[in-house]
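# Overview (structure and organization)
What follows is the residue order along each chain.
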Amino acid sequence: MRKLIKPFYAVLLLIATSCVDDLTSLNVNPKAYQSGTVPAGPFFSNATRNLTNQMLDGFNFKIWSQQFAETTYFTTSNYTLTDPGNGFWVSLYRDVLVDYKEAKAILLKNPSLYPGVDNNKLAMIEIMEVYTYSLLVTTFGDVPYSGAANASLKSEALDPDNTTPAYDKGKDIYDDLFVRLDAAIAKLNPNAPNGGSIGFGDADIIYHDDINGWKKFATSLKLRMALTIADSDPTKAAALVASINAANLIQSTDENAALQYLPVTPNTNPVWVWLVQSGREDYVASNTMMDMMQAPAQDDPRIPLYYTKDKAGAYSGGK
């Protein structure tokens, strides 16, 4: 009986496997996201939220700049650097730039009936990509780079099959970012014919479909980037600043590129998550920051808004 069962199972196995033309297809997750099955808007929103979170959530950077001090774990305060900024790097590439890339691919593959609106969306994505890469270059120097206007830049940072992308020079990347940013600003059109939304509509969680707001943010970003290179390339920086119309810059805090967080998780302010929701009490004001804010010439009124009093009823900083 045993001799008959084994050949029987062997035949069943042969029949089952003969139905699969390519065994590698068994490794494809049928429940995984397939490109193009989600609109571009959610990718734009998610990338923008992740980027904003990273700008607020960099506690290592806040400690190094003496905004906070540690009372329990002192590795960061002591500048014992192990993979500094690793989370910042990973999130900007994986959680920000990849989503912007997918949003752009969806828009290009599925154009709407309103080319002007599509152009506004693509320009908004381009501005946020430029902003993200400017942060990476300012933080790390030479980095892998994608989306270059300059074909001589060699890397493809967002290719999932390329695990060892080339690094482009920070200066070359910055030069390219200026070209891309100017093109994006020129593409923005607040008067483009539309069917309701002029841009991403509700998916625009920064300026809420205000194209003029995006123009001001992009122009202000150009100024910021020009000031960043002022020491290394003063001639180019001066020319860039001179090309900017001051009326197109952000004029007040009401025009800031800001994300309004919600009072419930998971879209709460990451600083609140770190300092309040976590229940941790091992972050305090640094003595460097407190000395500056309490100096007689300053007498900074923001102290009670930023910090709570110590057990002695005063404001003090940790070292």
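Before reading further, recall that the structure is shown in the block above.
In this report, we go over the structure that sits alongside the text.

Rules of the game
- Residues numbered from 1 in each chain as written.
- Predicted model: local features only at pLDDT ≥ 70, side-chain atom pairs only at ≥ 80, totals over all residues.
- Heavy atoms only, no water.
- Helix = DSSP H or I, 4+ residues; strand = E, 2+ residues; numbered from the N terminus.
- Buried < 20%, exposed > 50% of the residue type's maximum accessible area, 1.4 Å probe, protein only.
- Contact = heavy atoms within 4.5 Å.
- Areas by Shrake-Rupley, 256 points an atom, 1.4 Å probe, with all protein chains shown as cover.
- Core = buried A, V, L, I, M, F, W, Y, C linked by side-chain atoms within 4.5 Å.
- Expected span 1.5 Å × (residues − 1).
- Axes fitted to C-alpha atoms, helices over the stretch in contact; angles between N-to-C directions.
- Parallel < 35°, antiparallel > 145°, perpendicular 65-115°, else oblique.
- Left-handed = near helix turned anticlockwise from the far one by under 90°.
- Nonpolar A, V, L, I, M, F, W, Y, C, P; charged D, E, K, R; others polar.
- Phe/Tyr/Trp six-rings, centres within 6.5 Å; stacked < 30°, edge-to-face > 60°.
- Salt bridge = Lys/Arg side-chain N within 4 Å of Asp/Glu carboxyl O.

Moving on, we get to the overall build of the protein chain. A tally of regular secondary structure across the protein chain gives eleven helices and two strands. Across the 319 residues that make up the protein chain, the buried fraction comes to 37%. Considering only residue pairs separated by 6 or more positions, the protein chain has 70% of its internal contacts joining residues 24 or more positions apart. Carbon and sulfur atoms make up 57% of the accessible area of the protein chain, which totals about 19000 Å².

As a rule of thumb, nonpolar side chains are buried together in soluble globular proteins. If you look at the biggest cluster of nonpolar residues, it comprises 58 residues, and the most contacted ones within it are Tyr133 and Trp214. At the level of secondary structure, the elements contributing two or more residues to this core comprise helix H2 (40-57), helix H4 (86-109), helix H5 (115-140), helix H6 (170-187), helix H7 (211-228) and helix H8 (234-242). A total of twelve residues in this core trace back to one element, the largest contributor, which is H5. Apart from the residues lying within four places of it in its own chain, the contact partners of Tyr133 are Tyr93, Leu97, Pro144, Tyr145, Ser146, Ala157, Leu158, Leu177 and Arg180. Within the second largest apolar cluster, five residues are counted, among which are Ala285, Met290, Met293 and Ile303.

Moving on to H6. Helix length check: H6 (18 residues) gives 26 Å between terminal C-alpha atoms against 26 Å at 1.5 Å per residue, within 8%. For H6, the set of buried residues is Gly170, Ile173, Tyr174, Asp176, Leu177, Phe178, Arg180, Leu181, Ala184 and Ile185. Where H6 is buried, its residues meet H4, H5, H7 and H8.

Of note, the amide linkage connecting Thr265 to Pro266 takes the cis form, showing an omega dihedral of 5°. Secondary-structure assignment places Pro266 in the loop between H8 and helix H9 (270-277). Residue His208 is not a glycine yet carries a positive backbone phi of 50°. Residue Asp209 is not a glycine yet carries a positive backbone phi of 75°. Relative to the helices and strands, Asp209 resides in the loop between H6 and H7.

For the pair H6 and H7, the least separation of the axes is 10 Å and the interaxial angle reads 160°. Between H6 and H7, the interaxial angle falls into the category roughly antiparallel. As H6 runs across H7, the sense of the crossing is left-handed. Contact residues: Tyr174, Leu177, Phe178, Leu181, Asp182 and Ile185 in H6; Lys215, Ala218, Thr219, Leu221, Lys222, Met225, Ala226 and Thr228 in H7. By residue class, the composition of the contact of H6 with H7 is nine nonpolar, two polar and three charged.

Okay, the packing of aromatic side chains next. What characterises a pair of aromatic rings is the spacing of the ring centres plus the angle enclosed by the ring planes. In the structure shown here, the tally under the stated rule is 14 aromatic pairs. With a centroid separation of 5.1 Å and an interplanar angle of 85°, the aromatic rings of Trp89 and Phe140 are classed as edge-to-face. With Trp89 in helix H4 and Phe140 in helix H5, the pair connects residues that are 51 residues apart, well separated along the chain. Residue classification places Trp89 among the partly exposed residues on the basis of a relative accessible area of 22%. Residues Tyr207 and Trp214 carry aromatic rings whose centres are separated by 5.5 Å and whose planes lie at 70° to one another, so their mutual orientation is edge-to-face. On the basis of relative accessible area, Trp214 is assigned to the buried category, the value being 0%. Three or more aromatic residues joined by ring pairs form one cluster here, namely Phe44, Tyr100, Tyr131, Phe200, Tyr207, Trp214 and Phe217.

Turning to the side chain of Asn50, a few remarks are in order. Mapping Asn50 onto the fold places it in helix H2. The buried category is assigned to Asn50, whose relative accessible area is 14%. Discounting residues that sit within four places of it in the chain, Asn50 has contacts with Asp95 and Val96.

Per the counting criterion, the structure on display carries eleven salt bridges. Between Lys169 and Asp142 there is a salt bridge; the shortest N-O distance is 3.8 Å. Of this pair, Lys169 sits in the loop between H5 and H6 while Asp142 sits in the loop between H5 and H6; the two residues are 27 residues apart in sequence, bridging distant segments of the chain. Linking Lys216 and Glu255 is a salt bridge whose minimum nitrogen-to-oxygen distance equals 3.0 Å. Taken together, the positions of Lys216 in helix H7 and Glu255 in the loop between H8 and H9 put the pair 39 residues apart, joining distant regions of the chain. Residue classification places Glu255 among the partly exposed residues on the basis of a relative accessible area of 24%.

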